[in-house]
Amino acid sequence: MKRARILIVEDNPVNLKLASIILEAANFQVLEAGDASQAREVINTTTPDLILMDIALPGMDGLALTRLLKADEKTRHIPIVALTAYAMRGDDEKAKAAGCDSYITKPIDVGKLPDQVAEILGRSDGEHKRSV
Ligand code: MN
């Protein structure tokens, strides 16, 4: 079975490495980007099966990048999961408005992240945009 390819877009290197290690340990293939321009470079050469998208990024933020990807025929099918800060109320609504398919609140739960990602991947095989 093909390993699902997950792109993590996160500017905090510790958070990025943590999520990456957890998902690799759960047998996902992980791609990393520290900002929107790096993410776009990755997506130009490789199509991820799912994107974990930090909202607060230097330069173009995660919401703007989500809008771009969802406006593009080549990338609109890729499920985007917003990483929203628990303390930032309203981020989930903003993520939904920008086109995110789902969201996970930070700090991420290392025990749950692989199952959360697998669940969203399974859901995206069928119906898109069922819940945020
Ligand atoms: Mn950030």
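Computed from a predicted structure; not experimentally measured.

J.: Residue-level account of the coordination of the manganese ion, with values.
T.: Bound to the manganese ion are the protein donor atoms Asp11 (OD), Asp54 (OD) and Ala56 (O), situated 2.0 to 2.2 Å from the metal. Coordination of the manganese ion draws on donor residues from a single chain, spaced D-x42-D-x1-A in sequence. With Asp11 in the loop between β1 (5-9) and α1 (13-25) and Asp54 in strand β3 (residues 50-54), this pair connects stretches of sequence that are 43 residues apart.

J.: Describe in detail the sheet that holds strand β5 (residues 102-106), supporting the description with residues and values.
T.: Spatial strand order, β2-β1-β3-β4-β5: five strands in an open sheet with parallel pairing. The strands lining the two open edges of the sheet, one partner per strand, are β2 (29-33) and β5. Ignoring which end each strand starts from, the neighbouring axes of this sheet average 20° apart. Where β3 meets strand β4 (residues 80-85), four bridges bridge the pair, whose relative direction is parallel. Across the sheet, Met53 pairs through a bridge with Ala82, a residue of β4. Across the sheet, helix α5 (residues 113-124) lies against β1, β3, β4 and β5, angled at about 125° from β3, the strand it touches most.

J.: Before we move on, could you go through the pairing of β4 and cite the residues and values that matter?
T.: With five of its six residues buried, β4 lies for the most part within the structure. For the crossover from β3 across helix α3 (residues 62-71) to β4, the handedness is right-handed. Taken together, the five bridges between β4 and β5 define a ladder with parallel strand orientation. Directly across from Ala85, in β5, lies its bridge partner Lys106.

J.: Can you tell me about the environment of Arg76, naming the residues and giving the values?
T.: Within the element layout of this structure, Arg76 appears in the loop between α3 and β4. You can call Arg76 partly exposed: its relative accessible area is 40%. When the C-alpha atoms of Arg76 and Thr66 are compared, they prove to be 9.0 Å apart, with 10 residues separating the residues in sequence. Looking at Arg76, its side chain comes within polar contact range of the side chain of Glu73, at 2.9 Å.

J.: With reference to specific residues and values, describe the nonpolar core.
T.: Counting 21 residues, the largest nonpolar core has Leu7, Val9, Ile51, Met53 and Leu69 as its most contacted members. Secondary structure elements with two or more residues in this core: β1, β2, α2 (36-45), β3, α3, β4 and α4 (91-98). Per-element accounting of this core gives the leading share, four residues, to α2. Excluding residues that lie within four positions of it along the chain, Met53 makes contacts with Val9, Gly62, Leu65, Thr66, Leu69, Ile80, Val81, Ala82 and Leu83.

The rules behind each value
- Residues numbered from 1 in each chain as written.
- Predicted model: local features only at pLDDT ≥ 70, side-chain atom pairs only at ≥ 80, totals over all residues.
- Heavy atoms only, no water.
- Donors = N, O, S within 2.8 Å, 3.2 Å for Na, K, Ca; no water.
- Helix = DSSP H or I, 4+ residues; strand = E, 2+ residues; numbered from the N terminus.
- Pairing = 2+ DSSP bridges.
- Axes fitted to C-alpha atoms, helices over the stretch in contact; angles between N-to-C directions.
- Contact = heavy atoms within 4.5 Å.
- Buried < 20%, exposed > 50% of the residue type's maximum accessible area, 1.4 Å probe, protein only.
- Right-handed = clockwise from strand over helix to strand, strands pointing away.
- Polar contact = N/O pair within 3.5 Å; in protein donor to acceptor, adjacent residues only side chain to side chain.
- Core = buried A, V, L, I, M, F, W, Y, C linked by side-chain atoms within 4.5 Å.

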